[in-house]
Amino acid sequence: MSALTIRQAAGAEYSRVLGIGGVRGENVVTNDDLAGPIDSSDEWIRQRTGIVTRRRAGADVDVVDLAEGAARKALAAAGLTGGDVDAVLFATTTYFHQTPSAAAVLADRLGATPAAAYDLSAACAGYTYGIAQADALVRSGAAQHVLVVGAEKMSDFVDPTDRTISFLLGDGAGAAVVGPSDTPGIGPTIWGSDGGKAPAIRQTHAWSALRENPELGWPTLRQDGQTVFKWAAFQMAPVAEKALSAAGVTAQDVQAFIPHQANMRIIDQMIKQLGLPESVAVARDIAETGNTSAASIPLATDRLLSEGQARSGDLALQIGFGAGLVYAAQVIVLP
């Protein structure tokens, strides 16, 4: 047996988010614009979801276009360029190509070649999954700067006559740059899945079924609203509590709460379950942007910072949850 040993990479002791950026679809879509085909009203949608408008992109815009805009803003906020990026993690479920990855295409556009690049499919938890991986990459020495992007064009999968989820969805992209830090900036991630509830948020039929029977039409999204509400509102609060505990803080210590922007009633129920003080800034970007899946947390974070509701250095509890069903939560220091 050889007596030789191999070298193993070692990185920074700590990591943190260095910059955030976001881009929303350019079109403002009101509740009245959508109410007719689902036999609903502005009042019904507001009461059920808290959404007043949602942002959607034009037909000539795709998820990589949205991601590029958000990524450039995040890099500028971090004082970096594409050439400083060692890895690109792209969280999305609305990119139409199995290959090449959206991450590789984005890396090339940003001038990040030859950065490692791969896509993440974790739906509404995609961004928090990406932050978990970026933290690990930086602290392991596999990368110094990691670009994490959550980008979705949910309007491509909307059935205008569907009353379960269509009126919730918007388009946008959010991005964060994660890099080394002298002090802890990203707490341990608490994550997991419950595939037994996978049918609660689903595509109407598989792409293979469409190939075999074109009359099925374009696949769109559906959800079992009651199942999703109960799961998110009551089972995700304990996950968030575990993230707080793992980071060594309590609900009284955080300055911002940034949950996935799924539904305003879910957000309110989680605040109650967590016992968050009134002083905590709560992300409510869903009211004007809608549910943008993997993009929602970085978009909401960017908004809190840009509007002065939260500040650089604040502790923020963030949690993503959705189709899969999958979830991930962590405490971060805001850039």
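The name recorded for the protein chain in an unreviewed UniProt entry is Beta-ketoacyl-[acyl-carrier-protein] synthase III, from Oerskovia merdavium. Listed under Subunit (unreviewed entry) in UniProt, the entry text for the protein chain is "Homodimer." The UniProt entry for the protein chain carries the following text under Catalytic activity (unreviewed entry): "malonyl-[ACP] + acetyl-CoA + H(+) = 3-oxobutanoyl-[ACP] + CO2 + CoA".

Peer 1: Requested: an account of the sheet that holds strand β7 (residues 171-181), with residues and values cited.
Peer 2: Taking strand neighbours across the sheet as the criterion, the five strands line up as β1-β7-β6-β4-β5 in an open arrangement whose pairing is mixed. One side of each edge strand has no neighbouring strand; the edge strands of this open sheet are β1 (14-24) and β5 (116-120). Across the sheet, the mean angle from the axis of one strand to that of its neighbour is 15°, orientation sign disregarded. Pairing of strand β4 (residues 87-91) with β5 involves five bridges; the strand directions are parallel.

Peer 1: Let's hear about the pattern of salt bridges: which residues, and what values?
Peer 2: Evaluation of the coordinates by the stated rule reveals 14 salt bridges. For R303, the salt bridge identified is with D285, shortest N-O distance 2.7 Å. Of this pair, R303 sits in helix α10 (residues 296-306) while D285 sits in the loop between β12 (281-282) and α9 (286-289), and the two are 18 residues apart along the sequence. With a relative accessible area of 22%, R303 lands in the partly exposed category. Overall, D285 belongs to the buried group, its relative accessible area being 4%.

Peer 1: Before we move on, could you go through the sheet that holds strand β8 (residues 190-193) and cite the residues and values that matter?
Peer 2: With respect to topology, five strands assemble into an open sheet ordered β8-β14-β13-β11-β12, the strand pairing being mixed. Only two strands of the sheet have a single partner each, and these edge strands are β8 and β12. Relative to β12, strand β11 (residues 256-259) runs parallel, the two sharing two bridges. For F257, the partnering residue across the bridge sits in β12 and is V282. Helix α5 (residues 126-140) rests against β8, β13 (315-322) and β14 (326-333) of the sheet, and its axis sits at about 55° to β14. Strands β8, β13 and β14 of the sheet are contacted by helix α7 (residues 225-247), whose axis makes an angle of about 40° with β14.

Peer 1: Outline the packing of aromatic side chains, listing residues and values.
Peer 2: Working definition: an aromatic ring pair is given by the centre-to-centre distance plus the angle between the planes. With the rule as written, the count across this model stands at eight aromatic pairs. Between W207 and W218 the ring centres are 5.0 Å apart and the planes differ by 75°, which places this aromatic pair in the edge-to-face class. Residue W207 is found in helix α6 (residues 207-212), and its partner W218 is found in the loop between α6 and β10 (221-223); the two are separated by 11 residues along the sequence. A residue is classified by how much of its surface remains accessible, and W207, at 39% relative accessible area, is partly exposed. Stacked on the ring of W44, the Lys or Arg R163 has its end atom at 4.7 Å from the ring centre. Between the NZ or CZ atom of R265 and the centre of the ring of F229, over which it lies, the distance is 4.9 Å.

Peer 1: Please set out α10 residue by residue, giving values where relevant.
Peer 2: Burial analysis of α10 places eight of its 11 residues in the buried class, the great majority of the element. The complete set of buried residues in α10 reads S296, I297, P298, L299, A300, T301, D302 and L304. Positive phi shows up at G308, right after α10, with a value of about 80°.

Peer 1: Report on the packing of helix α3 (residues 63-78) against helix α4 (residues 102-110), specifying residues and quantitative values.
Peer 2: Two elements in contact, α3 and α4, have axes whose closest approach is 10 Å; the angle formed by their N-to-C orientations is 50°. Classified by the angle between their axes, α3 and α4 sit oblique to one another. In this structure, the crossing between α3 and α4 has a hand that is right-handed. Contacts from V64, D65, A67, E68, A71, R72 and L75 of α3 reach α4 at A102, V105, L106, R109 and L110.

Peer 1: For unusual backbone geometry, give the residues involved together with the corresponding values.
Peer 2: Here the amide bond leading from T113 into P114 is cis, since omega sits at 10°, within 30 degrees of zero. Looking at where P114 falls in the secondary structure, it is placed in the loop between α4 and β5. A cis geometry characterises the amide bond from G324 onward to L325, with omega recorded as -10°. Tracing the backbone shows L325 in the loop between β13 and β14. Positive phi outside glycine occurs at D39, with the angle close to 50°. By secondary structure assignment, the location of D39 is in the loop between α1 (31-35) and α2 (42-49). Since its relative accessible area comes to 69%, D39 is described here as exposed. The phi dihedral of S293 is positive, around 55°, even though this residue is not glycine. Among the structural elements, S293 can be located in the loop between α9 and α10.

About the criteria used
Residues numbered from 1 in each chain as written. Predicted model: local features only at pLDDT ≥ 70, side-chain atom pairs only at ≥ 80, totals over all residues. Heavy atoms only, no water. UniProt positions renumbered as here; feature names shortened; annotations may be inferred. Pairing = 2+ DSSP bridges. Helix = DSSP H or I, 4+ residues; strand = E, 2+ residues; numbered from the N terminus. Axes fitted to C-alpha atoms, helices over the stretch in contact; angles between N-to-C directions. Salt bridge = Lys/Arg side-chain N within 4 Å of Asp/Glu carboxyl O. Buried < 20%, exposed > 50% of the residue type's maximum accessible area, 1.4 Å probe, protein only. Contact = heavy atoms within 4.5 Å. Phe/Tyr/Trp six-rings, centres within 6.5 Å; stacked < 30°, edge-to-face > 60°. Lys NZ or Arg CZ within 6 Å of the ring centre and 35° of its normal. Parallel < 35°, antiparallel > 145°, perpendicular 65-115°, else oblique. Left-handed = near helix turned anticlockwise from the far one by under 90°.

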